[in-house]
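A closer look at the structure
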Amino acid sequence: MMRAAGRLTGLFTSGNRSWAAQLLLLLPALALMGVVYLGGLLIFGRYSFDLYENGRMVRDWNLDTYRAFLGDPYYWKLIGTTFRVAALVTFWSLLLAYPLAYVIAGLKSPGIKQTLLLLTFLPLLVSAVVRSYGWQLLLSRQGFINWLFIRLGLTDSGFEMMYNETGVVVALVHIFLPFMVFPLLNVLTQTDGTLKAAAHDLGAGKWRTFFTITLPLSARGIASGVQIVFTLCLTAFTTPQLIGGGRVMTLPVLIYQRTLDTNWPMAAVASLFLFASSILVSLFVNKGADWLMFRRTRTGGQKHA
Amino acid sequence: MSGGQGPIAIETRDVIKRYAGNTAVNRVSLQVKRGEFVSLLGPSGCGKTTLLRMLGGLEQPDEGTVLLSGQDVSGIPAYGRNSNMIFQQLALFPHMDVFNNIAYGLKVKKTPKAEIRKRVHDMLELVQLGDYSKRAVSQLSGGQAQRVAIARALINKPEVLLLDEPLSALDMQLRLDMQRELKRIQRDFGGTFIFVTHDQNEAMNMSDRIGVMRGGRLLQYGTPDEIYEQPVDSFVAKFIGDTNLMKVKVLGTEQGNVWVQAGGVKLAVREPATGPVLPDGSTGFLSVRYEYLRTGEAAKDCVNRLEGRVTDSVYGGASIRYTLDLGGHIQLQASSLFQRGDARYVPGDTLAAGFNPEDGLLLPDDPSPDREGAL
C-alpha cells in the first residue's frame, strides 16, 4: 500500500516525470476537447455532406450544400456583413482599449489601478443577454441616447441605431472591450520603463519613443487582442440577434435559423466556413504582429550590412 | 568632442533632490573636467544614481543647477541634452538587432543613411564587435551586450557618457575585462566618462577621480591617491581600502605629531595635512591601513610600538593578514608581504606590531549622526 502510494507520487516528481504521467495529466483536458469539440466538429462535418430536400434531411455524400453556400450572392453578402461588423468592432475596441490600457499600466497607485481594472472588467459579470437588452433600452428611438441627441439639438427625430449595424457594433464594442484591454495591459506592464528612459536619453521625444519602442513592443498584445475580439465577433450570436432584430444577418444568426429550420447541412457548412475563417484570421494576425514588431529591425539590419 | 570648449565638461552646483520627504541628493557640487574618468562611489541608497540621472536629465533637481559645457541645462529633459547614459540593465531594445540599436540615436536625429552606416560600422570596430550588426539582442552574451550599449551611447558623440553600474551583473573575470575595455574605449574615444559604482576596487582601477557619497552628500572628491591617503573622515577611510579605525582621545601636539590615547596606549600620528586640527581633549578616529601596520622585525624601529596576541591568520599568497588582539577591546589587522622562508605566526603567538606617525591618520569624529547613508 505504502509502496504503491510512493510509486504513484514518484510519477509526479519532477525528475521522474515519465511520458505516462504527462499523458495522465493531459487526459482530462484532452478527453473533453476530443469528445465534445472534435466529436462535434466531425459530426457536423458529416452533416455538411448531407442534403436538405423538401424540409427533410437526406443522408448522402454530396457537395451540393457547399456549392449552394459558396455560389449564392445572398450568403456572400451575409459573410461580408459578418466580417465588416467584426472588423469595425475590433478597430473601435483597439482604439478605445489602447489608451485605457496605457494609462492603467502607467499608474503607480495600486488602489486606483485596481479600481480602474474592476470598472473595465465589470461588464463581464453581466450576461451578454442582459447587456444586449440594456443597449436596446439605450439605443432605441425613444431611448436615452436619442433623447440626449435631441436635447443637444443634433437631430430632430433621433437616429436609427437599433436593428442596424451601428447598434450591433456599439453593443459589441462594449461587450468585448475587456478582451482587448487585458492582453494589451499584459504587454504594456511588462515593457521595461528603462527602455523608454533609454530612448529619451538617445534623443527621442515622447511621441517618437511611443512609435519606435512602446508600440512595436506591444505588437504581440495587439495581435492577441485583435485575434480574441475578432473571432469572438465572428461567432457572436446574442447581440446581433437581439440588437439586430433579424435585420443584421450574420453567420451565427444564419446558423441558428437554419438549425431551427432543421436545415442542418446548411448550418454545418456555414459553421465550418466560420471555423476555417477564424483560424485563417488568427494565423494572418500573428504574422502581421511579427512583421510590425521586427519590420524596422532584421530586414533593416540586413539591408544596411 | 562636439562643442568642446572650456576645461569643465559637466558641473553641478548645490543640487538637491527630494523624494517624498527624503533627501536623496543633498546639496552636491561637482566639477568634472573634460576627458576625465570619474567614479561616483558609495553604498546603495547613497544618492549616486539619482545624481547621475540628474546629470543625464532623466531627473530634474529640486534646487541647484546642472551645467553641461558651461551651459545651464537644468530643466532640459534627457532628449534635449548632449549626454548619454548606459543603464544598469543596459536597456537594449529587444525588438531591434545590434545595428538598429546602435543606429537609434542617429536615426532620431535624421542622419543620412550612408553616414549612419559608416558611423555604426566605426562604433562596432571601436567596441570590437565587427561582425555582429545583424545579431538579435537576445543572442548576445553579457559582455557583448555591454559593448552594444556602449556603442549605442557613444555614437551620439556625447559630451559626457554616464554609466550606471553597467558591470554589476557580470561575473568577476568578465568584469575585470570590461573595466580594462572601458578604459581603452575611453582612451580611444577621448570622452568624459562618469561611472557610478558601489565597488571600491572598480572605482580605484578605472578612475582619474573618485567622488565618495553617503546619505545624499558628496563626502570627498579627489584622485584615488588622495582618497586613499587623505580620506576626509572615517567613513571614507573604511569604504576605500581596508583600515583599522581606533577611537582615540587627543592629548596634545608636539613637533608636528599629535599624541593620542587609544585604550591604554599613547600613539603619535602626523598632524593632518588638510582639514581642521582636532583640539586637545576631543575624540576622533585613528586610521591605520592594514598594510601600514608593520609586524615582527619591521615593527622594532617604529615610533609607535604595540604588542598583541594573534587570533587569526589568513594566508593570501603574496601576503598574510593577521588579526591581533591588543587587549582592552582593541583589535587590529595587519597585512604583511609574505615570501617563502619568512617567519609565520599562528593564533596564540605573541606578535610585535607598530607604525610610524606618517602612516597613521587622525580623522574627526563622524560628524553626521544621520545614518541614512549607512543602509
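Being a predicted model, the structure only gives us computed values, none of them experimental. (Residues numbered from 1 in each chain as written. Chains lettered and ligands numbered in written order. Predicted model: local features only at pLDDT ≥ 70, side-chain atom pairs only at ≥ 80, totals over all residues. Heavy atoms only, no water.)

Before going further, it helps to examine the overall build of chain B. Looking only at helices and strands, chain B features eight helices and 20 strands. Counting only C-alpha atoms, chain B reaches 75 × 50 × 35 Å along its principal axes. The buried share among the 375 residues of chain B stands at 53%. For chain B, the accessible surface area stands at approximately 16600 Å², while carbon and sulfur atoms represent 48% of it. Averaging the positions of the 43 positive and the 44 negative side-chain charges in chain B gives two centres separated by 7 Å. (Helix = DSSP H or I, 4+ residues; strand = E, 2+ residues; numbered from the N terminus. Buried < 20%, exposed > 50% of the residue type's maximum accessible area, 1.4 Å probe, protein only. Areas by Shrake-Rupley, 256 points an atom, 1.4 Å probe, with all protein chains shown as cover. Lys, Arg positive; Asp, Glu negative; His and termini not counted. Charge placed at Lys NZ, Arg CZ, Asp CG, Glu CD.)

Our next topic: the sheet that holds strand β16 (residues 304-315) of chain B. Where strands meet in a sheet, backbone hydrogen bonds hold them as pairs that are either parallel or antiparallel. Residue and element names in this part refer to chain B. Ordered in space as β15-β19-β16-β17-β18, the five strands form an open sheet in which the pairing is antiparallel. Edge strands, defined here as strands with exactly one partner in the open sheet, are β15 (294-295) and β18 (331-337). Pairing between strand β17 (residues 319-325) and β18: seven bridges, direction antiparallel. Looking across to β18, one finds that Arg 321 is bridged to Ser 335. (Pairing = 2+ DSSP bridges.)

Residue and element names in this part refer to chain A. Direction vectors running N to C along helix α4 (residues 73-106) and helix α5 (residues 110-121) enclose 155°, while the axes themselves pass 9 Å from each other. The angle between the axes of α4 and α5 places the two elements in the roughly antiparallel class. In this structure, α4 meets α5 at a crossing whose hand is left-handed. Two secondary-structure elements touch here, α4 through Leu 100, Ile 104 and Ala 105 and α5 through Lys 113, Leu 116, Leu 117 and Thr 120. Its residues assigned to classes, the contact of α4 with α5 shows five nonpolar, one polar and one charged. (Axes fitted to C-alpha atoms, helices over the stretch in contact; angles between N-to-C directions. Parallel < 35°, antiparallel > 145°, perpendicular 65-115°, else oblique. Left-handed = near helix turned anticlockwise from the far one by under 90°. Contact = heavy atoms within 4.5 Å. Nonpolar A, V, L, I, M, F, W, Y, C, P; charged D, E, K, R; others polar.)

Before going further, it helps to examine the side chain of A:Thr90. All names here are of chain A. Structurally, Thr 90 is set in helix α4. Within the structure, Thr 90 has its side chain in polar contact with the backbone oxygen of Ala 86 (distance 2.6 Å). What Thr 90 contacts, discounting residues up to four positions off in sequence, is Met 180, Val 226, Val 229 and Phe 230. (Polar contact = N/O pair within 3.5 Å; in protein donor to acceptor, adjacent residues only side chain to side chain.)

Here we take up the layout of surface pockets. Taken as a whole, the largest pocket holds about 680 Å³ of empty space. What lines the largest pocket is a set of 23 residues, and nearest its centre among them are A:Tyr102, A:Gly106, A:Lys196, A:Phe210 and A:Thr214. Where the lining of the largest pocket is concerned, the elements lending two or more residues are α4, α9 (193-201) and α10 (206-217) of chain A. Sorting elements by how many residues they give to the lining of the largest pocket places α4(A) first, with eight residues. A breakdown of the residues in the lining of the largest pocket according to their chemical character gives 13 nonpolar, six polar and four charged. Of the volumes computed, that of the second largest pocket is approximately 340 Å³. Considering the residues around the second largest pocket, the lining is formed by 17 residues, among which B:Thr295, B:Ala298, B:Ser336, B:Leu337 and B:Asp342 are closest to the centre. Looking at the lining of the second largest pocket, the elements that each hand over two or more residues are β15, β17 and β18 of chain B. Here the lining of the second largest pocket is composed, by residue class, of eight nonpolar, five polar and four charged. (1 Å grid on protein atoms, 1.4 Å probe; cavity = no way out; pocket = protein on both sides within 12 Å on 5 of 7 lines; lining within 4 Å. Points joined across faces, edges and corners; volume = space filled by probe spheres on them.)

Here we come to the domain arrangement of chain B. Under the domain assignment used here, chain B contains domain 1 (8-229) and domain 2 (242-364). Just the C-alpha atoms count here: the centres of domain 1 of chain B and domain 2 of chain B sit 39 Å apart. (Domains from an automatic or database assignment.)

This brings us to the nonpolar core. With 56 residues, the main nonpolar core has A:Phe69, A:Val89, A:Leu172, A:Phe176, A:Leu251 and A:Leu254 as its most contacted residues. Sorting the residues of this core by element identifies α4, α6 (128-139), α8 (165-190), α11 (219-234), α13 (251-260) and α14 (264-304) of chain A as the ones contributing at least two each. Per element, the largest residue contribution to this core is 14 residues, and it comes from α8(A). When near neighbours in sequence (up to four residues on either side) are disregarded, A:Phe69 contacts A:Tyr75, A:Trp76, A:Ile79, A:Leu251, A:Leu254, A:Met266, A:Val269, A:Ala270 and A:Phe273. If you look at the next biggest cluster of nonpolar residues, it comprises 42 residues, including B:Val25, B:Leu55, B:Val196 and B:Leu218. (Core = buried A, V, L, I, M, F, W, Y, C linked by side-chain atoms within 4.5 Å.)

So, on to α4(A). Residue and element names in this part refer to chain A. Between its terminal C-alpha atoms α4 stretches 49 Å, which fits the 50 Å expected from 34 residues at 1.5 Å a residue. Considering bend angle alone, the principal kink of α4 is centred on Ala 97 and spans about 25°; proline Pro 99 follows within four residues of it. Residue Asp 72 occupies the N-cap position of α4, its side-chain oxygen lying 2.9 Å from the main-chain nitrogen of Tyr 74. (Expected span 1.5 Å × (residues − 1). Bend = angle between axes of the 7 residues up to and from the residue.)

Let's shift gears to the pattern of salt bridges. Residue and element names in this part refer to chain B. Using the criterion set out here, one finds 26 salt bridges over all chains in the structure. Across the pair Glu 181 and Arg 147 runs a salt bridge, and its minimum N-O distance is 3.0 Å. Residue Glu 181 is located in helix α5 (residues 172-189), and its partner Arg 147 is located in helix α4 (residues 142-154); the two are separated by 34 residues in the primary sequence. When its relative accessible area of 9% is taken as the criterion, Glu 181 is described as buried. For Arg 147, a relative accessible area of 17% gives the class buried. Linked through salt bridges whose partners overlap, the residues forming this network are Arg 147, Glu 181, Arg 184 and Asp 188. (Salt bridge = Lys/Arg side-chain N within 4 Å of Asp/Glu carboxyl O.)

Further remarks concern the side chain of A:Gln136. All names here are of chain A. By the secondary structure assignment, Gln 136 is in helix α6. On the accessibility criterion, Gln 136 (19% relative accessible area) is buried. Excluding residues that lie within four positions of it along the chain, Gln 136 makes contacts with Met 162, Leu 242 and Ile 243.

Residue and element names in this part refer to chain A. Their axes nearest at 8 Å, the elements α8 and α11 cross at an angle of 155°. Relative to α11, the element α8 is oriented roughly antiparallel. The element α8 and its partner α11 pack so that their crossing is right-handed. Of the residues in α11, those in contact with Leu 172, Phe 176, Phe 179, Met 180, Pro 183, Leu 184 and Val 187 of α8 are Gly 221, Ile 222, Ser 224, Gly 225, Val 226, Ile 228, Val 229, Leu 232 and Cys 233. Among the residues forming the contact of α8 with α11, the class breakdown is 13 nonpolar, three polar and no charged.

Now for a nonpolar patch on the surface. Residues and elements named next belong to chain A. A contiguous nonpolar patch, built from Leu 118, Leu 119, Leu 122, Leu 125, Val 126, Val 129, Val 130 and Tyr 133 and spanning about 770 Å² of accessible area, is present on the exposed surface. Among the elements of the structure, α5 and α6 are those that each provide at least two residues to the nonpolar patch. Here the nonpolar patch takes three residues from α6, the largest share from any one element. Note that Val 126 resides in the loop between α5 and α6. (Patch = residues over 30% accessible without salt bridge, like charges linked within 9 Å, V, L, I, M, F, W, Y side chains within 5 Å.)

A contiguous patch of negative charge, built from B:Asp225, B:Glu226, B:Glu229 and B:Glu291, is present on the exposed surface. Position of B:Glu291 relative to the elements: it lies in the loop between β14 (283-289) and β15.

A few words now on unusual backbone geometry. Phi angles above zero are rare outside glycine, and B:Gln128 is one such case at about 60°. Relative to the assigned elements, B:Gln128 resides in the loop between α3 (113-126) and α4.

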